Amino acid sequence: MAIFTRILDIHCPTSLQCEPSGTNPTFAVGFSADGEIPFPQVILHGQGCQKLINGDAIRLIEHDAGRWDYEADVPAGQLQPGDISLQVEGCRVADLSRAGGGDWVKEFRRLTLLPAAGTKAKPRISAGRRDGVKLYFGIHKHMHQPYYNTTDRAYWDGEKDQIFGSRGGNYTDYIPAAVRQYIDGGLPHAGLSTSWSGSLIEQLNRCDAEGFCGGRFRGWNGPLSDIARTKTSLGNPRVSFSAFGFFHPLMPLIPKRDIVRQIRWHRDAIRNSFGAEASKVLFPPETAFHVRIIPALLEAGVEAVIYDSIHRFRACRDYPYAGMGEGMLPPNPADQANPPVDDWLQLHNIWAGSKISPSLLRPEYVAYEDPRGKLHKIIAVPAERYIGNEDARGGFGALQYPSVLGQVYDRIVETGSFDPKHPPFFLLHSDGDNHGGGADSYYRDNTGRLVDWIRQDPRFELITVEDYLQQFPPDPQHTVHIEPGSWSGADNGDPQFMKWFSRYDQPYSPDLNSWAVLTAFQNAVHTLEDFDPDHQQLGEALRLLLTAETSCYWYWTGQHVWDQQVTNAANLGYGMLRGALDMILATNGDRTGPTIFAPWVTPENPGGKRWGNGCLLDAPREATVHSFVHDVAGLKRVNLVLRTAQAETVMEMDDRGPYPSQTGAYVTAGYFTAQLPPGAGDVRYYLEAEDNRGNVSRSALERVFLA
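Here's what I pulled together on the structure shown here. Bear in mind the structure is a predicted one, so any value in this text is a computation, not a measurement.

The rules behind these values
- Residues numbered from 1 in each chain as written.
- Predicted model: local features only at pLDDT ≥ 70, side-chain atom pairs only at ≥ 80, totals over all residues.
- Heavy atoms only, no water.
- Helix = DSSP H or I, 4+ residues; strand = E, 2+ residues; numbered from the N terminus.
- Rg over C-alpha atoms; globule rule 2.2 N^0.38 Å.
- Buried < 20%, exposed > 50% of the residue type's maximum accessible area, 1.4 Å probe, protein only.
- Contact = heavy atoms within 4.5 Å.
- Areas by Shrake-Rupley, 256 points an atom, 1.4 Å probe, with all protein chains shown as cover.
- Lys, Arg positive; Asp, Glu negative; His and termini not counted.
- Charge placed at Lys NZ, Arg CZ, Asp CG, Glu CD.
- Phe/Tyr/Trp six-rings, centres within 6.5 Å; stacked < 30°, edge-to-face > 60°.
- Lys NZ or Arg CZ within 6 Å of the ring centre and 35° of its normal.
- Pairing = 2+ DSSP bridges.
- Salt bridge = Lys/Arg side-chain N within 4 Å of Asp/Glu carboxyl O.
- Axes fitted to C-alpha atoms, helices over the stretch in contact; angles between N-to-C directions.
- Parallel < 35°, antiparallel > 145°, perpendicular 65-115°, else oblique.
- Left-handed = near helix turned anticlockwise from the far one by under 90°.
- Polar contact = N/O pair within 3.5 Å; in protein donor to acceptor, adjacent residues only side chain to side chain.
- Expected span 1.5 Å × (residues − 1).

**Some words on the overall build of the protein chain**
For step 1, the next point in the chain: Across its full length, the protein chain carries 16 helices and 31 strands.
For step 2, the next point in the chain: Radius of gyration (C-alpha) of the protein chain: 28 Å, near the 27 Å computed for a compact globule of 707 residues.
For step 3, the next point in the chain: Its C-alpha atoms put the protein chain at 95 × 65 × 50 Å along the principal axes.
For step 4, the next point in the chain: When the 707 residues of the protein chain are sorted by exposure, 60% land in the buried category.
For step 5, the next point in the chain: Once local pairs closer than 6 in sequence are excluded, the contacts in the protein chain between residues at least 24 apart make up 74%.
For step 6, the next point in the chain: Just so you have it, the protein chain exposes about 26500 Å², and 47% of that area is on carbon and sulfur atoms.
For step 7, the next point in the chain: The protein chain carries 66 positive and 84 negative side-chain charges, and their two centres are separated by 4 Å.

Given below as structure tokens:
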């Protein structure tokens, strides 16, 4: 059966008179193609709205050799009087997830809708005006490759050659090609932000120097360095290299000092590779954010952080939880600290497992209170979960920008939630080197069509984060809370980061093993650093530690090559440091408190819901706090400090001994637990540990609701 290559003709009225209701009557659009259209659809653009017709609303009338005839039904009441642009299109690939921009074939016609007979058309706010309403959005592309062997940076094989070689354009000229189209299209504020891990940059430099991948990466950073010098109309970079963690760490689960160091190392890599300064806007690896990392980000010079929008939505009281289809458990009530909103919107024509709130799609200050009561706040920039997911599949074709973003725009107008001082803004975030959003067609054909659309549709503005924040800074006196979590690509990005806690409820978890090993190694390296920051072995030990914090080593749980990586790095590091650590202990030189791993609670929502076998079950009210704690000098005590509305209680945690490693780890941290009191309500807690030298450490202040 022949797949079509072109649309032969379109049959539709050139003008129609509206019904007494003031909207269009029912009418049909006929069109023909030179073969079968696997995915036909009709899109009507007009008067500030778009309507998509597809699926059962389009029928195959007849076909013979060389001609297939289709008819689409347009229901009444969809469109207002005025000029309507009618777009007929089809995808030449039946599996849309594999389709690129070049697989879509389109034709256009124009239709005029006349006012109803005997009535005077009501004046309608034009698209792009609507009393000044405009929706701003940006694009973020993430680039990363980990080290495939933590203990041998020189490791290379045919598989790596293929992995890097297949991404030649992604790591050289795709981003410049897209941004050149923004410039040529006359878009004054358009650009994109992009996050590049230091481990990727180092390996590309090696490909350049040693000619790997057939020499594909000779001078790989030249096009990116050139485009990095271009500016928006406000003087900000068109390409913003986001602040990032050098080795792609999951920032909410590593110590503050390591977050700061990862970001600072990354800044040096960006400066050295592209001749540009890294942005003060951070894209955290995996979009994983928790308010407890705010103090570290501020210390590292970060002024704004990107997060996945669903975690702002779920932090509202009366959030309309969508059940299992949302992919996460209901929000913990302790995180629902923000007022309710009344503009919930169910997106159509894309996959959206839950409703979104357009009024919350804008940068805001988010705050964190530490155990001492000090408030830390930073700007949080939303990246829209569902629209970003769809954009990641290939842009136009997978995502009909005017239709989907138009739904957000229309809801803002309908609810009157537009604030001209803080208009809506969000990012479309995705990997820049994987799947449809990393294809050549995304950066070239899709971008060209995106630019054409933006130039013709004044309701929307493509803008960089920096240009937006310069024009519309959020109010620092207004702070909100954001639920922890990451983007949906990480098993839906739940607040507990369970993608990195796989098998936590089983007798042995490779992920928990790696965290226990890493916690002990962190304490050893930090202890030497505090005692002798110029020690000759410290530099290599720090590099091993930061490499071991790469989140990928937890992502592929159950594959020995990945489950072993953290232990390999830690064991090699201990071999370097053992003598120095023995000397520190012998001379009573330990000045470093215990290292406390970020605690987690089971069940996740005490007295709420937990996962069952294909269902949600009632969770027990009895809850347990878990953590790993280690100190080279040994531990004197580990306490849990619980704050309720009535009092503060100090509880000794149960020492369950070192976590039982199955990877041959030299040292693993101790595993500690404590029972939480049922019925205590919305509580705050932190862990406090003291070593045998009297050094004391505190964890971050956490929150949980105990039903």
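There's more to say after this.
**Quick look at the packing of aromatic side chains**
For step 1, the next point in the chain: Under the criterion given, the structure shown has 47 aromatic pairs.
For step 2, the next point in the chain: Plain terms: the ring middles of Tyr148 and Trp562 are 5.6 Å apart, the flat faces sit at 55° to each other, and that makes the pair tilted. In this pair, Tyr148 is assigned in the loop between strand E10 (135-143) and helix H1 (158-165) and Trp562 in helix H15 (residues 560-563), connecting sequence segments 414 residues apart.
For step 3, the next point in the chain: Owing to a relative accessible area of 15%, Tyr148 belongs among the buried residues under this scheme.
For step 4, the next point in the chain: Ring geometry for Trp515 against Trp554: centres 3.9 Å apart, planes inclined by 20°, an arrangement best described as stacked. Note that Trp515 is positioned in helix H12 (residues 510-531) and Trp554 in helix H14 (residues 552-555), a separation of 39 residues in sequence. The exposure classification of Trp515 matches that of Trp554, with both residues buried.
For step 5, the next point in the chain: Put simply, the rings of Trp156, Phe164, Tyr171, Trp196, Phe212, Phe217, Trp220, Phe241 and Phe274 pair up and form one aromatic cluster.
For step 6, the next point in the chain: For Lys377, the ring lying beneath its charged end belongs to Tyr365, and the centroid distance is 5.9 Å.
For step 7, the next point in the chain: Above the plane of the ring of Tyr555 lies Lys499, whose end atom (NZ or CZ) is 4.2 Å from the centre.

**Description of the pairing of strand E17 (residues 425-431)**
For step 1, the next point in the chain: Most of E17 sits inside the fold, with 6 of its 7 residues counted as buried.
For step 2, the next point in the chain: Where E10 meets E17, 7 bridges bridge the pair, whose relative direction is parallel. Looking at E17, one finds that Lys141 is bridged to Ser430.

**Re the pattern of salt bridges**
For step 1, the next point in the chain: What the rule picks out here adds up to 39 salt bridges.
For step 2, the next point in the chain: Residue Arg261 is joined to Asp258 by a salt bridge in which the shortest nitrogen-to-oxygen separation is 3.7 Å. One end of the pair is Arg261 and the other is Asp258, both in helix H5 (residues 256-274) and 3 residues apart, which spans about a single turn. For the pair Arg261 and Asp258, one class covers both residues: buried.
For step 3, the next point in the chain: Taken together, the shared-partner salt bridges in this structure form one network comprising Arg257, Asp258, Arg261, Glu529 and Asp530.

**Re the side chain of Thr447**
For step 1, the next point in the chain: Residue position: Thr447 is located in helix H10 (residues 440-456).
For step 2, the next point in the chain: A residue is classified by how much of its surface remains accessible, and Thr447, at 2% relative accessible area, is buried.
For step 3, the next point in the chain: In this structure Thr447 touches Ala178, Gln181, Tyr182 and Tyr442, once residues within four positions along its chain are discounted.

**Looking at unusual backbone geometry**
For step 1, the next point in the chain: Following Thr602, the chain continues to Pro603 via a peptide bond in cis, the omega torsion being -10°.
For step 2, the next point in the chain: Relative to the helices and strands, Pro603 resides in the loop between strand E21 (600-602) and strand E22 (609-611).
For step 3, the next point in the chain: One non-glycine residue, Asp491, lies in positive phi territory at about 50°.
For step 4, the next point in the chain: Structurally, the position occupied by Asp491 is in the loop between strand E19 (479-480) and H12.
For step 5, the next point in the chain: Look at Asp491 and you get partly exposed, because its relative accessible area is 47%.
For step 6, the next point in the chain: Even without glycine at this site, Arg503 takes up a positive phi of about 65°.
For step 7, the next point in the chain: Overall, the relative accessible area of 37% leaves Arg503 in the partly exposed class.

**Things to note about the environment of Leu16**
For step 1, the next point in the chain: Within the secondary structure layout, Leu16 lies in strand E2 (residues 15-17).
For step 2, the next point in the chain: Look at Leu16 and you get buried, because its relative accessible area is 18%.
For step 3, the next point in the chain: Note: C-alpha distance between Leu16 and Leu114 (98 residues apart in sequence) is 6.0 Å.
For step 4, the next point in the chain: The residues contacting Leu16, other than those within four sequence positions of it, are Pro25, Phe27, Leu111, Thr112, Leu113 and Leu114.

**Quick word on the packing of H12 against helix H13 (residues 538-548)**
For step 1, the next point in the chain: The N-to-C vectors of H12 and H13 enclose an angle of 150°; their axes lie 10 Å apart at closest approach. Taken together, the axes of H12 and H13 are roughly antiparallel relative to one another. The crossing of H12 and H13 is left-handed. Contacts between H12 and H13 involve Leu518, Phe521, Gln522, Val525, His526, Leu528 and Glu529 from the first element and Leu538, Ala541, Leu542, Leu544, Leu545 and Ala548 from the second.

**Focus on the side chain of Thr194**
For step 1, the next point in the chain: With respect to the helices and strands, the residue Thr194 is situated in strand E11 (residues 192-196).
For step 2, the next point in the chain: Using a relative accessible area of 0% as the deciding quantity, one classes Thr194 as buried.
For step 3, the next point in the chain: At a separation of 2.8 Å, a polar atom in the side chain of Thr194 contacts the main-chain carbonyl oxygen of Lys141.
For step 4, the next point in the chain: A distance of 2.9 Å separates a polar atom in the side chain of Thr194 from a polar atom in the side chain of Trp196.
For step 5, the next point in the chain: Residues contacting Thr194, with those up to four places away along its chain left out, are His140, Lys141, Met143, Ile175, Val239, Ser240, Phe241 and Ser242.

**Side note on H5**
Because an α-helix completes one turn every 3.6 residues, residues spaced three or four positions apart along the sequence face the same direction.
For step 1, the next point in the chain: Its 19 residues place the ends of H5 27 Å apart at the C-alpha level, agreeing with the 27 Å of an ideal helix rising 1.5 Å per residue.
For step 2, the next point in the chain: Listed as buried for H5 are Asp258, Ile259, Val260, Arg261, Gln262, Ile263, His266, Arg267, Ala269, Ile270, Ser273 and Phe274.
For step 3, the next point in the chain: Following H5 by one or two positions, Gly275 has its phi on the positive side, about 65°.

Distances and angles like these do not, on their own, reveal function.
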